[in-house]
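Below, each chain spelled out in residue letters.
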Amino acid sequence: MIKRSRTILKSVFGYDKFLPLQEEIIDNVIQKRDTLVIMPTGGGKSLCYQIPALIFDGLTIVISPLISLMKDQVEQMLAINVTAVLLNSQLPADEYRKNVYQIKQKKSKLLYLAPETFLKKSILNLLALVQVDCLAVDEAHCISRWGHDFRPEYRQLAETRPVFKDAVCIALTATATQQVQKDIQKSLGFDASNEFIASFDRPNLFLRIVEKSNPLKQALAFIEENAGESGIIYCATRNTTDKLYEALKKQGISAKNYHAGLTDRDRNKNQDLFINDDIQVMVATVAFGMGINKPDVRFVLHYDLPPNLENYYQEIGRAGRDGLPASCMLLFSYGDIPKIRYIIQNKKGHEQRLANIHLNSLLQFVETESCRRVPLMNYFDEDHPGNCRTCDNCFGGDKEQIDVTLPAQKFLSCVKRTGERFGANHIIDILRGSKSKKVLNFGHDKLSTYGIGAEYSRKQWLHMSRQFLSKGLMIQDMEYGGLNLTAKAYAVFKGEKVSVSHILPETLPEKILPDEIPEYDRELFEMLRKTRKKLADHTGVPPYVIFSDKTLIGMATFFPGNENELLQIHGIGAVKLEKYGKIFLDIIEAYRNKD
Ligand code: ADP
Ligand code: ZN
């Protein structure tokens, strides 16, 4: 028997296969078992309640805290002729009334609600009149005080459960911590067995870290690499954001800025320009990204070091939600570390220890010479076998190793001779023969290791010292920062070799496209893209609501010649075929006959 959910997947959504766990989750929900879903951004959470909504006779209510996301989802549903409405406090009165009427008339399959709207007496009364089959709680981490976005109204959702006795509840989040997961289950009264946790790995994101040397030039080169594609540049402060935005504008890049210092109006305007493909690059602080559903962001640049891996992962996660390759680059400078250390020093007790652990995980990720996904996934309590092929370290096979046994011996013996009490900066001062007060005060200019390492720059020494740490030749005291030697260090004194793949990560690897992406006709793709933009502006929706990039690439690969062939393309179901099929078939036909 072909399952209904599979049929709907193809005929309504135009997709051939379920993404990992989607099918199991949908089965579980249809059987009316309360279900917790943990999936990374882009994992395909929405489909897990949208397909059940089409199978159930009654209404599916989706609780979502982000009004822009609700709007976006309703647009996407309407684009495939699935009836959906939303209710929130920002809706004009007449539209609100119209939507309420639709629900009363049982005309809609899906109702998107802000949590505070859901709790209103008038809405609960309204919902008592209709059959509610499913309650989907999106961004479910908002229920938990442990989450980063706790919302009191979310807590009260649980109290309404008895009112909707026949409704199954599905809670969804991209937050990985176990504490939050447990909290959601407890608050909603779920049993632990109906939990689906997808892998957090995002293999389509190409990860790259380069030494920050000339950041503006590097940013421009990165944009050039991704010419014509949408991208986000994250900066640490509003000031950097504005400066970089101005500088890019001067270079003719179509960009806007976004941070908490702008008015609501400007922020919304800039965000809309980005979503509608009217600008290419968004320069922003962390304030940007929540509530963005744009699936075809092709690159994310970290202009500054993010505060921790959690932030980093969330931010790069905004790229490539459509599953196509996307490029993520981080500009790294050792100069950023003292600023972070300073902030950490001003914290106390537990917070300080936590911040140190966060910084160390971040540095492990930045400085590793093997697959970056190992420390990254490890941070999210997930094992990764390494050799991912889509990070800068894995790409391009084995790198030539540089023997640094001699500098390692110099460095380590300097650590030993100063009593294993000092950090890397002081050790480097001694090795490079500095006349700093600290060196002279301790009499370290009298040591035999004084001045024996002038052949390497401070930067190179710093990089090597981090490699010695990550190779386990020494460990760093968490509280005071002093370096201590390990047994491995003594093996190096006895002549065991130490090698690293580079002394300073200065070079940018070539632009890389993982080989999964098919060869497609770029000229046709651009033509299809232009038509998509025109249709989108005409209908007043973002271009990705018409067709995703993946759909256009499919057309530019297979050149469908009739409706049946068009239906084989990813993302084209019956409704989109009817709405846009002819327009796109005509373009492909004309392109084929061009010469
Ligand atoms: P999340 O809410 O988990 O971040 P979404 O539900 O927004 O993810 O889905 C991410 C993208 O993946 C969307 O563009 C969606 O259309 C697409 N998608 C979802 N399910 C499938 C599938 N089975 N096959 C192909 N694409 C899918
Ligand atoms: Zn890798």
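Residues numbered from 1 in each chain as written. Chains lettered and ligands numbered in written order. Predicted model: local features only at pLDDT ≥ 70, side-chain atom pairs only at ≥ 80, totals over all residues. Heavy atoms only, no water.

(A) Spotlight on the overall build of the protein chain. Each helix and strand counted, the protein chain has 26 helices and 17 strands in total. Expected size for 595 residues packed as a compact globule is a radius of gyration near 25 Å; at 27 Å, the protein chain falls within 12% of this value. Dimensions of the protein chain, computed from the C-alpha atoms along their principal axes, are close to 90 × 65 × 50 Å. Within the protein chain, the fraction of its 595 residues that count as buried is 54%. (Helix = DSSP H or I, 4+ residues; strand = E, 2+ residues; numbered from the N terminus. Rg over C-alpha atoms; globule rule 2.2 N^0.38 Å. Buried < 20%, exposed > 50% of the residue type's maximum accessible area, 1.4 Å probe, protein only.)

(B) Quick peek at the sheet that holds strand E10 (residues 255-258). One open sheet holds the six strands; their spatial order is E8-E13-E12-E9-E11-E10, and the pairing between them is parallel. Where the open sheet ends on each side, the last strands, each with one partner, are strand E8 (205-211) and E10. Neighbour to neighbour, the strand axes of the sheet diverge by 15° on average, direction disregarded. Judged from the four bridges that link them, strand E12 (residues 297-302) and strand E13 (residues 326-332) form a sheet pairing that is parallel. Within E13, the residue paired with Val300 across the bridge is Cys328. Lying on the sheet, helix H12 (residues 264-275) is in contact with strand E9 (230-234), E10, strand E11 (281-284) and E12; it crosses E10 at an angle near 140°. (Pairing = 2+ DSSP bridges. Axes fitted to C-alpha atoms, helices over the stretch in contact; angles between N-to-C directions. Contact = heavy atoms within 4.5 Å.)

(C) Layout of the sheet that holds strand E7 (residues 195-197). With respect to topology, seven strands assemble into an open sheet ordered E3-E4-E2-E5-E6-E1-E7, the strand pairing being parallel. Looking at which strands have only one partner, the edges of the open sheet turn out to be strand E3 (84-87) and E7. Taking each pair of neighbouring strands and ignoring which way they run, the sheet shows an average axis angle of 15°. Pairing analysis gives five bridges linking strand E2 (residues 59-63) to strand E5 (residues 132-137), with the strands arranged parallel. Bridging across to E5, Thr60 finds its partner in Cys134. Against the sheet, helix H4 (residues 67-79) contacts E3 and strand E4 (110-113), and its axis sits at roughly 165° relative to E3.

(D) Structural context of empty space enclosed by the protein. All told, the structure shown has one cavity of 30 Å³ or more when counted by the stated rule. What lines the largest cavity is simply Ile63, Phe118, Leu135, Val137, Leu157, Thr160, Arg161 and Leu188. Residue classes in the lining of the largest cavity are distributed as six nonpolar, one polar and one charged. (1 Å grid on protein atoms, 1.4 Å probe; cavity = no way out; pocket = protein on both sides within 12 Å on 5 of 7 lines; lining within 4 Å. Points joined across faces, edges and corners; volume = space filled by probe spheres on them. Nonpolar A, V, L, I, M, F, W, Y, C, P; charged D, E, K, R; others polar.)

(E) Here's a closer look at the coordination of the zinc ion (ligand 2). Donor atoms from the polypeptide that coordinate the zinc ion (ligand 2) comprise Cys371 (SG), Cys388 (SG), Cys391 (SG) and Cys394 (SG), at 2.3 to 2.4 Å from the metal. Seen from the zinc ion (ligand 2), its four donor atoms lie at angles of 101 to 123°, and the figure they make is tetrahedral. (Donors = N, O, S within 2.8 Å, 3.2 Å for Na, K, Ca; no water. Tetrahedral: all angles 85-135°; square planar, octahedral: opposite > 155°, others 65-115°.)

(F) Spotlight on the nonpolar core. Counting residues in each nonpolar core, the largest one holds 167 residues, and the members touching the most others are Tyr112, Leu127, Ile170, Phe411 and Met555. Sequence-distant contacts of Leu127, defined by excluding residues within four places in its chain, comprise Leu59, Ile61, Leu111, Leu113, Phe118, Val132 and Phe164. In terms of nonpolar packing, the next biggest core, distinct from the first, is built from 18 residues, Leu244, Tyr245, Ile253 and Tyr303 among them. (Core = buried A, V, L, I, M, F, W, Y, C linked by side-chain atoms within 4.5 Å.)

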